[in-house]
Each structure stands twice: as structure tokens, then as C-alpha cells.
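# Structural characterization, general
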Amino acid sequence: ATPTSIMVGTGRAAELGVLFRKSEALQQLRDVKVVAFDKTGTLTQGKPTLTDLILDDDFEHDEVLALVAAVEAKSEHPIGDAIVAAAEKAGLTLGAVTDFQAVSGHGVTARVDSRLVSIGSQRHLGHLDFSDFAEAIDRLADEGKTPVFAAIDDKLAAAIVVADTVKPSSKAVIAALHAMGLKTAMISGDNRRTAQAIARQLGIDEVRAEVLPADKVATLKGLRQLGPVAYVGDGINDAPALAEADIGIAVGTGTDAAIESADVVMLGGDLKGVLNALTVSRATMGNIW
Ligand code: ADP
Ligand code: MG
């Protein structure tokens, strides 16, 4: 492609709401074989709501919800927002929180009044026995919902289930990528069954689940065995993967860290920008496959 055609290409992309931050990105995008997506906030809206609270017999609903919401009010995770919103809706009063600790990719722990409260993945509460919850949790996870667990004074008190919705365009974008001859992948920190259920709903080829924030880059490198990879993400946690990918594509509604690390930025939250970027790249650079 000539410098002029690259200028025309980036201009055309801008009209379609896709900003190429450097001209090499047009060429690199043409050569991509795999498009990998972050799940939460990228393929999904990233605004989950609480759908189920499954209690252990020794605990009481409002007490557990108030304790976990008090802790989650200090967290910045969307799961925390869902729990706090549910407690507010129920009109619960939240106790005073001390010793708050967030473990990235795992969960949160704090003291509320005199109680020790932990909320997070099974891994976060690794030493507890989850067998009473297993059947219900697997069923809900198979519907694409995310289960987390609450321990109070080191006893498993409840499974708390939140559900996020996929963006309206996600499924069609995945299908269109396949029609363009590309493979698709999803990388998520979420529960394996949950991630697999969402990938199945969307028709995504490859799923990497329960990936800790620190392991996203290594997971992305693994996908490179399939060919050059474009990574699409929105979060602070996605910034290293956006930088590492052959092409990083940030969701416009994402965090500043994601946008600054990306080669391409789509305006707004709609994933159709990925298709627009690929189409302009192929039109500008010519098809080589
Ligand atoms: P994702 O962006 O895919 O949700 P994260 O790395 O942020 O991935 O979180 C991975 C998992 O860690 C969540 O699915 C949840 O099980 C647990 N987790 C992290 N933070 C919290 C929190 N504040 N409250 C409850 N669970 C949490
Ligand atoms: Mg995200």
C-alpha cells in the first residue's frame, strides 16, 4: 500500500468510528488469524446483577447480604457493585469495615464489626468444602452466570450468583469474524463453566478461563501458536495483553489504561468496530490469503 492509500484507509476507518493510532496497524491487522476477546465489559456489558443467593442452613439471608455488601462497597469490581446494589434495594444497613484487602483475580476480605468476611472465587476460599453448593452452582454456571462464595468467620455462608448480559452485537460479530476466515477466542478470569457457557452462546472457538490478571499475557502468547493475534479488551487488567498482542484493540468505553495500550481504539462499546477495522485493513492493504 502507498502512503496515500494508508492515509485514505485510516481516514475511512475514522469515519466508521475506528482510530488507528499508528499506520503499521493497518498492515498488522490484515495478517491477523485469531481475534481474542476479554469477556467482562468487552463481550458482555460488564454490569452484572445479583440473581441468586444460596444460603447455608446456619446463616440468614439479610445478615449475609449486609455483611458481604459492606465489604464489597470498598471493592471496585463489577461483582461488588452488583452485591451492593442488591443490598441497597433490600434496604439493608451496612456495618463498619476494617482491614479491607482485595486480591486481584480472587476476591476480597475484611472485618465487618467483629465478623471476618471473605467473598470471591472457590480459589479465594480454597480450604472450605463447597460440595453442598456444587450442583446448584454448576447448573447456574452452565447458564452463563457467575458464582462467587461468601465465608463468614471462616464458615461457608452462601453462594452468590451474578449475571451479566452479552452485548447485542457480540454474537453477530463473532459469526462475521468466522465468515472472514478468522478464529475467535475468549480470555476470562471467570469460572470455567461460566466462561464456557458464554463462549458457547456466542459461538467462540477457543476459551481460556480462570486466568489470573498476571497470566493474561502468557495466555495470549499461547494463542499465538494459531497465528498472529488481535486482542480486544477494556479493563486495566487488559492493558498488558493489549500491548503484547500483534494488534491491541481497545473498547472506547474502556479504561484509560486500556486505550493508551492499544494500537486501535473503537469509539463506543459496540464490537462492530472490530469488523470495520478488519474490513478497512483488508481493503487498504489487499488480501493476501
Ligand atoms: P473478570 O474480569 O473476568 O471478572 P477478575 O480477574 O476481575 O476477572 O476476577 C476473577 C474472579 O475473581 C471473579 O470471577 C470472582 O470469582 C473473583 N473476584 C474478584 N474480585 C472479586 C470481588 N470483589 N468480589 C467477589 N469475587 C471477586
Ligand atoms: Mg473486561
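About the cut-offs
- Residues numbered from 1 in each chain as written.
- Chains lettered and ligands numbered in written order.
- Predicted model: local features only at pLDDT ≥ 70, side-chain atom pairs only at ≥ 80, totals over all residues.
- Helix = DSSP H or I, 4+ residues; strand = E, 2+ residues; numbered from the N terminus.
- Rg over C-alpha atoms; globule rule 2.2 N^0.38 Å.
- Buried ≥ 20, exposed ≤ 12 C-beta atoms within 10 Å, placed from the backbone.
- Contact = placed C-beta atoms within 7 Å.
- Near = placed C-beta within 6 Å.
- Nonpolar A, V, L, I, M, F, W, Y, C, P; charged D, E, K, R; others polar.
- Domains from an automatic or database assignment.
- Expected span 1.5 Å × (residues − 1).

Identification of the protein chain as Cadmium-translocating P-type ATPase from Devosia oryziradicis is taken from an unreviewed UniProt entry.

Quick look at the overall build of the protein chain now. Each helix and strand in the protein chain was counted, giving 12 helices and 13 strands. For 289 residues, the compact-globule estimate of 2.2 N^0.38 gives 19 Å, and the C-alpha radius of gyration of the protein chain, at 21 Å, lies within 12% of that figure. Dimensions of the protein chain, computed from the C-alpha atoms along their principal axes, are close to 70 × 35 × 30 Å. For the protein chain, the proportion of its 289 residues judged to be buried stands at 45%. The contacts of the protein chain with a sequence gap of at least 6 include a subset with a gap of at least 24, amounting to 60%.

Here we come to the site of ligand 1. Taken together, 20 residues lie around ligand 1, and Ser-75, His-77, Gly-105, Ser-121 and Gly-189 are the ones closest in. Those elements that place two or more of their residues in the shell around ligand 1 are helix H3 (39–43), helix H5 (78–89), strand S5 (107–112), strand S6 (115–120) and strand S7 (146–152). Looking at the shell around ligand 1 residue by residue, the class counts come to five nonpolar, 12 polar and three charged. When residues of the shell around ligand 1 are assigned to domains, at least three map to each of domain 1 (3–45 + 166–285) and domain 2 (49–163).

Partitioning the protein chain into structural domains gives domain 1 (3–45 + 166–285) and domain 2 (49–163). Each partner contributes residues to the interface: domain 1 has 11 residues there, and domain 2 has 11 residues. The dominant element in the side of domain 1 that touches domain 2, judged by the number of residues it contributes, is helix H8 (residues 192–202), at five residues. Per-class residue counts for the side of domain 1 that touches domain 2 are four nonpolar, five polar and two charged.

Before going further, it helps to spend a moment on helix H4 (residues 61–72). With 12 residues, H4 should cover 16 Å at 1.5 Å per step; its first-to-last C-alpha distance of 16 Å lies within 8% of that length. Residues Leu-65, Leu-67, Val-68, Ala-69, Ala-70, Val-71 and Glu-72 constitute the buried set of H4.

Phi is positive for Asp-153, which is not a glycine, with a value near 50°. With 10 C-beta atoms counted inside 10 Å, the residue Asp-153 sits in the exposed group. Not every positive phi belongs to a glycine, and Asp-154 is a case in point at roughly 70°. Mapped onto the fold, Asp-154 is located in the loop between S7 and strand S8 (155–163).

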